[in-house]
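Here are the chains, one letter per residue:
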Amino acid sequence: MDERETGGGLPVGADLRGWLRRLADTGRLTTPRAGLDLRFEVAATANVLDGTAATFFRGPGGSDTPVVSGLLSHRDWMAESMGVPTAEAARTFGEASEHPIDWVEVPDPACQQVITREVDLTTQLPIPTHNEHDSGAYITAGLLIARNPVTGQQNVSIHRLQVTAPDKLGVLLLPRHTLAFLDESAAAGQALEIAVVIGVDPLTLMASQAIVPLGVDELTVSGALRGEPLPVTRCVTNEVRVPADAEIVLEGRIEAAERAPEGPFGEFPQYYGERAERHVVTLDAMTTKEKPIFHTIVGGGLEHLLLGALPREATFLVELQRRFACVRDVHLSRGGTCRYHLYVQVSGHKPGEVTNVILSALSVHYDVKHVVVVDADVDVHDPMEVEWAVATRFQASRDLLVVDTAQGSKLDPSTVDGVGSKLGMDATSPLDAPEMKFLRIRVPGQENLTVDGIRAAADATSPVDYF
Ligand code: MN
């Protein structure tokens, strides 16, 4: 990552406020009318601007604390925050995930300028209610950092957090790393120490979504994206280490046996996650900057989807290229919720190898449900191109692979509690096909022309003169 353009020093995404300034300076940060209602108005506005501009809400619900949304609602912005071209983003993220850099503890952190021991989420923070049937206000951009009581290792992940009481949050823990830590702490007869960190820099936000093994602290992936250790600090009431420059830190714990109703909540597949008895976070303190910024991610919006896409693509690229020399690129499509539909581009594959690629891809992450493999002449980042390959190179009786009863996403309503089918489509041309049969038509010289170039060199005479 030495060759990255960072303007000297850190990538621009290493600092939240610096990133917001950059968005503002380039017309990508909109400040709507002040005082919008936290119930629906904030989310509706953010959704309308989603992918076009980030939104900075002043005085939301009358709060002194502003709310920001849509920091990373475009793939190009994610790459920009890392200081690389968009085509290199997944590769760069993958390298960071493979080569993490340990964090460093610093004194006098900005995130502890104000310390509140009596936490009341209902009055102290502007927490929005997003979708129509959400059960109430949710913290959606909180990095839940858990500390394994036995090993001291940390895990970072984003969970939906329902404001259940002034100092309680209902939390959905899917069967991944936080839950594994909770099981270990329960076995040790302790509560799981956690922090919920709101308002972090874009690199740390993306790093929180890295698909790294249990025991790898995702904050160390943020360090690798920065190119130097992430400054962290110890919480005031527990041993969890949090990013020192965070806007807001909620310190607390999860008791293994405690449950309370949580949900429904509008999730990334654009359906509601159901109401059920779920785990509970109890808060012991809140620390913030003097004038903090609250970050919210609207469920189902582009920021929500893309934060899932890029880190996963990075992992698919690393894992598949480790096994298969033929894999060139991957893409998680928006229509597939940036989680369920994986497109893989290959070239130079051997007979039968596409099937191995499909089976391997399905096992890298349980969220992936449908895999489509295409040749190198198909733009894997353009769903219309992939559909063209399926339309013209795929035969169901020959190229379709179906696997029954596999673990999938619990948030996919077509599964039975997360268990469902997997599907692979080999949309590559047959290896033994005659040379011309699958050759894409092409106009020589077209690749050197652009719309702007043609317009710039246009003939000054009006065509209307002729007719
Ligand atoms: Mn993890």
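The coordinates are above.
Residues numbered from 1 in each chain as written. Predicted model: local features only at pLDDT ≥ 70, side-chain atom pairs only at ≥ 80, totals over all residues. Heavy atoms only, no water.

Attention now goes to the packing of helix α3 (residues 75–82) against helix α9 (residues 302–323). At a minimum axis distance of 10 Å, the contact between α3 and α9 shows a crossing angle of 60 degrees. The orientation of α3 relative to α9 falls into the category oblique. Crossing handedness for the pair α3 and α9: right-handed. Contact residues: α3 offers Arg75, Met78 and Met82, while α9 offers Leu306, Leu307, Ala309, Leu310 and Glu313. Partitioned by chemical class, the residues of the contact of α3 with α9 number six nonpolar, no polar and two charged. (Axes fitted to C-alpha atoms, helices over the stretch in contact; angles between N-to-C directions. Helix = DSSP H or I, 4+ residues; strand = E, 2+ residues; numbered from the N terminus. Parallel < 35°, antiparallel > 145°, perpendicular 65-115°, else oblique. Left-handed = near helix turned anticlockwise from the far one by under 90°. Contact = heavy atoms within 4.5 Å. Nonpolar A, V, L, I, M, F, W, Y, C, P; charged D, E, K, R; others polar.)

What follows covers the coordination of the manganese ion. Within the protein, Asn155 (OD1), His177 (ND1) and Glu218 (OE) serve as the donor atoms for the manganese ion, at 2.1 to 2.2 Å. Mapped onto the sequence, the residues coordinating the manganese ion show the spacing N-x21-H-x40-E. Linking His177 in helix α6 (residues 177–187) with Glu218 in helix α8 (residues 218–226), this pair joins segments that are 41 residues apart in sequence. Assigned by exposure class, His177 and Glu218 land together as buried. (Donors = N, O, S within 2.8 Å, 3.2 Å for Na, K, Ca; no water. Buried < 20%, exposed > 50% of the residue type's maximum accessible area, 1.4 Å probe, protein only.)

Mapping Asp201 onto the fold places it in the loop between β11 (192–198) and α7 (202–207). No salt bridge is formed by the buried Asp201, whose closest oppositely charged neighbour, Arg226, lies at an N-O distance of 4.4 Å. Within the structure, Asp201 has its side chain in polar contact with the side chain of Thr204 (distance 2.6 Å). In this structure, Asp201 is in contact with Gly13, Ala14, Asp15, Leu16, Ser222, Arg226 and Leu230, ignoring residues within four places of it in sequence. (Lys, Arg positive; Asp, Glu negative; His and termini not counted. Salt bridge = Lys/Arg side-chain N within 4 Å of Asp/Glu carboxyl O. Polar contact = N/O pair within 3.5 Å; in protein donor to acceptor, adjacent residues only side chain to side chain.)

In this section: the state of the cysteines. According to the stated counting rule, one finds zero disulfides in the structure shown. As a non-bridged cysteine, Cys111 has Cys235 as the owner of its nearest cysteine sulfur, 7.6 Å distant. (Disulfide = S-S within 2.5 Å.)

With that out of the way, let us pick up the environment of Glu435. Relative to the assigned elements, Glu435 resides in the loop between β23 (419–426) and α13 (451–456). Taking relative accessible area as the criterion, Glu435 reaches 77% and is therefore assigned exposed. The spatial distance from the C-alpha of Glu435 to the C-alpha of Glu80 is 41 Å, given a sequence separation of 355 residues.

Okay, the pairing of β11 next. Among the seven residues of β11, six are classified as buried, and the element is accordingly described as predominantly covered. Both strand β7 (residues 142–147) and β11 contribute to a ladder of six bridges, which runs antiparallel. Note that in β11 the partner of Ala146 across the bridge is Ile194. (Pairing = 2+ DSSP bridges.)

Look at the link from Gly263 to Pro264: it is a cis peptide, with omega at 0 degrees. Relative to the elements of secondary structure, Pro264 occurs in the loop between β14 (248–262) and β15 (265–266). Within the chain, Gln270 stands out as a residue other than glycine whose phi angle is a positive 70 degrees. Within the secondary structure, Gln270 sits in the loop between β15 and β16 (272–273). In this structure Gln270 comes out as exposed when scored by relative accessible area, which is 58%.

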